[in-house]
Amino acid sequence: MVKKWWKEAVIYQIYPRSFMDSNGDGIGDLKGITGRLDYLKYLGIDVIWLSPVYQSPNDDNGYDISDYQAIMDEFGTMEDFDEMLAEAHKRNIRIVMDLVVNHTSDEHRWFVESRKSKENPYRDYYIWREGKEDGTAPNNWGACFGGSAWEYDEETKMYYLHMFSKKQPDLNWDNPKVRREVFDMMTWWCEKGIDGFRMDVISMISKTKEMPDGEVQGFYGNANPYCVNGPKVHDYLQEMNEKVLSKYDIMTVGETAGVTTELAKQYAGEDTRELNMVFQFEHVESDGKYGKWTDEKVPLPVLKKIMSRWQTELYEKAWNSLFWDNHDQPRAVSRFGDDRPEYREVSAKMLATCLHMMQGTPYIYQGEELGMTNYPFRSMQDFRDIESVNAYREWCESGHVSHEAFWPCLTAKSRDNARTPMQWDDTENAGFSKGTPWIGVNPNYKEINARTETEDKNSVFHYYKKLIGLRKQYPVIVYGKYELLLEDSKELFVYTRVLEGEKLLTVCSFSDKEVEFTVPEEFVGTDCIISNRENAYEGKMVTLEPYEAFVLYRR
Ligand code: TEU
Ligand code: CA
């Protein structure tokens, strides 16, 4: 397998709004990030993925961009950005930018022009259609954040397409001028010295020409067959690669909603000249009662099957990313582990072990390294996220589902779980801000915070630090071949990795009870390189404690 720096790296995602507020306005900012780079260096990560910091009216917290070459006022200035980049590079930390080019904000200059008239030179930068004869939307497609995917515009009496909120109109990638503008803008950032792009919903940039009604699911028709993995997506990515990406030593990761292992071999193939790796979503989207809203846990055998398929099918063909959570997902320990006080730390460490010993580039979402948990929401007033707010309106206030039935699902899955402020210490507002934070701080910050954990060698933080170190030390963790053991076990996730003469065995219990486990013969008496239990494993027959995890290594 070809060696690459980005295959060996560990990436840390920062959601700037919630990371660190330097000036007391309650909103995280760039200076705040710069001030915490030493913390990230100490943790040992190599790359930061920075969620959007561009100018934005914040309908979707920066994923609605009104100027790609300016910094959001609340986050600081371009000078602050340059300083952050320089300080990161001094510490050998690279910065990967979020590239949101499936859509812009409706306040972007291109869209302001586009909606003015049918003849405007920017008209064709977006996707405009006439309504049906009776004046209703061109088709029945629903948007990801609720409502129709079409918005009527008075000015020209036509509809524009928005797959997300109505303040996020989709760009028309079939227009070569749009592609040129985007590639020029990317080049500008590359020339500045950034180290890569995480590409927001990049699998959605190409739409079919025909736009028929979609199959009704919930309240609207499903647009995905016409908008996800569309007819020209690979052409456009190859063009982007040729014109921009191939000219720089950068890394790229595509947020490829709807990707399969087959498609990943094209998006992130070893030699397909598109992207370096993808985010796949099968393991975080295999649940749902009301659309994505559910309070049920994915059964372990299902989870193992999905993760293992990605491990084996991409081996030596394409590269994958590894993640349990991000700014769109609930907290890992609350969702896949057990956030009850007695199990929170041990299960957070177990989940980290399970993920970091796999093949792929691991991503740590801010606060995951502390075992931060979901937020105890009390009322709708606590929510900030447009998706959560709209969902409550669409499912509950409309009378489709009772509050009692929907509430546990909403609170379990809301994106706001991930967006509460980073917990730095046990002072007011968890040390995040001297003002009033834009979103509530999780009340558990007195116990769960970076200061306490950096001082305690047995903390979740130090466990992550150790896992990152192991990845640097053992090539088998990066390049080894994966094999799942005990496929049908409902409690244990066990797998091996093999590279030349080296072999790893990873054993993780997802159970809150004791589980018996027999160590495979070839690993009896070998080295335990990490364990989340005080008296590490010994012998052949093992009684695993709740959420126990360990890794054995042999030559
Ligand atoms: O998310 C893309 C996406 O597919 C989301 O619909 C995701 O599945 C959903 O948020 C889960 O509830 C990206 C960004 O990561 C997200 O923050 C943005 O809101 C979205 O694109 C629009 O830019
Ligand atoms: Ca601030």
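Just above, that's the structure.
Owing to the predicted nature of the structure, the values given are computational and were not obtained by experimental measurement.

Novice: Describe the side chain of Gln311, and please don't skip the residues or the numbers.
Specialist: For Gln311, the position within the fold is in helix H10 (residues 300-314). A relative accessible area of 5% means that Gln311 is categorised as buried. Setting aside its immediate chain neighbours within four residues, Gln311 contacts Leu322, Met358, Gln359 and Tyr482.

Novice: Kindly report on the site of ligand 1, identifying the contributing residues and their values.
Specialist: Contacts to ligand 1 come from 17 residues, most closely from Asp60, Asp200, Lys292, Asp328 and Arg415. Between ligand 1 and Asp328 there is a distance of 2.5 Å, counted from an oxygen atom to a side-chain nitrogen or oxygen. With respect to ligand 1, the side chain of Arg415 contributes an N or O atom lying 2.8 Å from an oxygen atom. Across the complex, the protein chains shield 93% of the 490 Å² of accessible surface that ligand 1 would expose by itself. Class assignment for the residues of the shell around ligand 1 results in four nonpolar, three polar and 10 charged.

Novice: Give me the lowdown on the sheet that holds strand S20 (residues 527-531), citing residues and values where you can.
Specialist: Backbone hydrogen bonds hold the strands of a sheet together, and the pairing may be parallel or antiparallel. Across the sheet, five strands lie side by side as S16-S17-S18-S22-S20; this open sheet has antiparallel pairing. Whereas interior strands pair on both sides, the edge strands pair on one side only; in this sheet they are strand S16 (481-485) and S20. Each neighbouring strand pair of the sheet contributes to a mean axis angle of 20 degrees, computed without reference to strand direction. Each of strand S17 (492-499), strand S18 (502-509) and strand S22 (549-554) is contacted by helix H12 (residues 341-356), which is oriented at about 145 degrees to S18, the strand it contacts most.

Novice: Got a sec to walk through the coordination of the calcium ion (ligand 2)? Specific residues and values, please.
Specialist: The protein atoms donating to the calcium ion (ligand 2) are Asp21 (OD), Asn23 (OD1), Asp25 (OD), Ile27 (O) and Asp29 (OD), with metal-donor distances spanning 2.2 to 2.4 Å. Between consecutive donor residues of the calcium ion (ligand 2), the sequence gaps follow D-x1-N-x1-D-x1-I-x1-D. Owing to a relative accessible area of 36%, Asp25 belongs among the partly exposed residues under this scheme.

Novice: Could you give an account of unusual backbone geometry, with specific residues and numbers?
Specialist: The backbone phi angle of Asn92 is positive, close to 60 degrees, even though this residue is not glycine. Inspection of the secondary structure assignment puts Asn92 in the loop between helix H4 (78-90) and strand S5 (94-99). Residues other than glycine seldom take positive phi values, yet Glu500 does so here, at roughly 45 degrees. Looking at the secondary structure, you find Glu500 in the loop between S17 and S18.

Novice: I'd like a rundown of the pairing of S22, residues and numbers included.
Specialist: Burial analysis of S22 places five of its six residues in the buried class, the great majority of the element. In this structure, S18 lies alongside S22, joined through six bridges in antiparallel fashion. Within S22, the residue paired with Thr506 across the bridge is Val551. When S20 meets S22, the two strands line up antiparallel, connected through four bridges. Across the sheet, Ser531 pairs through a bridge with Phe550, a residue of S22.

Novice: Describe helix H8 (residues 233-243), naming the residues involved and giving the relevant values.
Specialist: For H8, the complete set of buried residues consists of Val233, His234, Tyr236, Leu237, Glu239, Met240 and Asn241. Each element contacted by the buried residues of H8 is listed here: S5, helix H6 (176-192), strand S9 (196-199) and helix H9 (261-267).

Novice: So what's going on with the nonpolar core? Residues and values would help.
Specialist: With 146 residues, the main nonpolar core has Phe81, Met186, Phe197 and Phe493 as its most contacted residues. Looking at which element gives the most residues to this core, the answer is H12, with eight residues. Beyond its immediate chain neighbours, meaning those up to four positions away, Phe493 contacts Leu300, Lys304, Met307, Ser308, Cys354, Met358, Tyr482, Leu484, Thr506, Val507, Cys508 and Phe510. Within the second largest apolar cluster, 19 residues are counted, among which are Phe145, Phe164, Met204 and Ala223.

Novice: Account for the packing of aromatic side chains, with residues named and values stated.
Specialist: The way to describe two aromatic rings as a pair is by their centre distance and the angle between their planes. If you walk through the whole model with that rule in mind, you get 42 aromatic pairs. Ring centres of Phe111 and Trp128 lie 5.8 Å apart, and the angle between their planes is 5 degrees; on these two criteria the pair is classed as stacked. In this pair, Phe111 sits in helix H5 (residues 109-114) while Trp128 sits in strand S6 (residues 128-129), placing the two residues 17 residues apart along the sequence. Accessibility expressed as a relative area gives 0% for Phe111, which makes it buried. Looking at Trp128, the relative accessible area reads 8%, which means it is buried. A network of ring pairs unites the aromatic residues Tyr54, Tyr68, Phe81, Trp110, Tyr122, Tyr125, Trp188 and Trp189 as a single cluster. Here the basic side chain of Lys292 rests over the ring of Trp293, its NZ or CZ set 4.8 Å away from the ring centre. Just above the ring of Tyr42 sits the side chain of Lys465; from NZ or CZ to the centre is 4.1 Å.

Novice: An account of the packing of H4 against H6 is needed here, citing residue identities and associated values.
Specialist: Viewed as axis vectors pointing N to C, H4 and H6 meet at an angle of 55 degrees, and their least axial separation amounts to 11 Å. One way to sum up the angle between H4 and H6 is to call them oblique. Contacts between H4 and H6 involve Met78, Phe81, Asp82 and Leu85 from the first element and Trp188, Trp189 and Lys192 from the second. Looking at the contact of H4 with H6 residue by residue, the class counts come to five nonpolar, no polar and two charged.

So, how was this worked out
- Residues numbered from 1 in each chain as written.
- Chains lettered and ligands numbered in written order.
- Predicted model: local features only at pLDDT ≥ 70, side-chain atom pairs only at ≥ 80, totals over all residues.
- Heavy atoms only, no water.
- Helix = DSSP H or I, 4+ residues; strand = E, 2+ residues; numbered from the N terminus.
- Buried < 20%, exposed > 50% of the residue type's maximum accessible area, 1.4 Å probe, protein only.
- Contact = heavy atoms within 4.5 Å.
- Near = heavy atom within 4 Å.
- Polar contact = N/O pair within 3.5 Å; in protein donor to acceptor, adjacent residues only side chain to side chain.
- Areas by Shrake-Rupley, 256 points an atom, 1.4 Å probe, with all protein chains shown as cover.
- Nonpolar A, V, L, I, M, F, W, Y, C, P; charged D, E, K, R; others polar.
- Pairing = 2+ DSSP bridges.
- Axes fitted to C-alpha atoms, helices over the stretch in contact; angles between N-to-C directions.
- Donors = N, O, S within 2.8 Å, 3.2 Å for Na, K, Ca; no water.
- Core = buried A, V, L, I, M, F, W, Y, C linked by side-chain atoms within 4.5 Å.
- Phe/Tyr/Trp six-rings, centres within 6.5 Å; stacked < 30°, edge-to-face > 60°.
- Lys NZ or Arg CZ within 6 Å of the ring centre and 35° of its normal.
- Parallel < 35°, antiparallel > 145°, perpendicular 65-115°, else oblique.

All quantities given are derived from atomic positions and should not be read as evidence of function.
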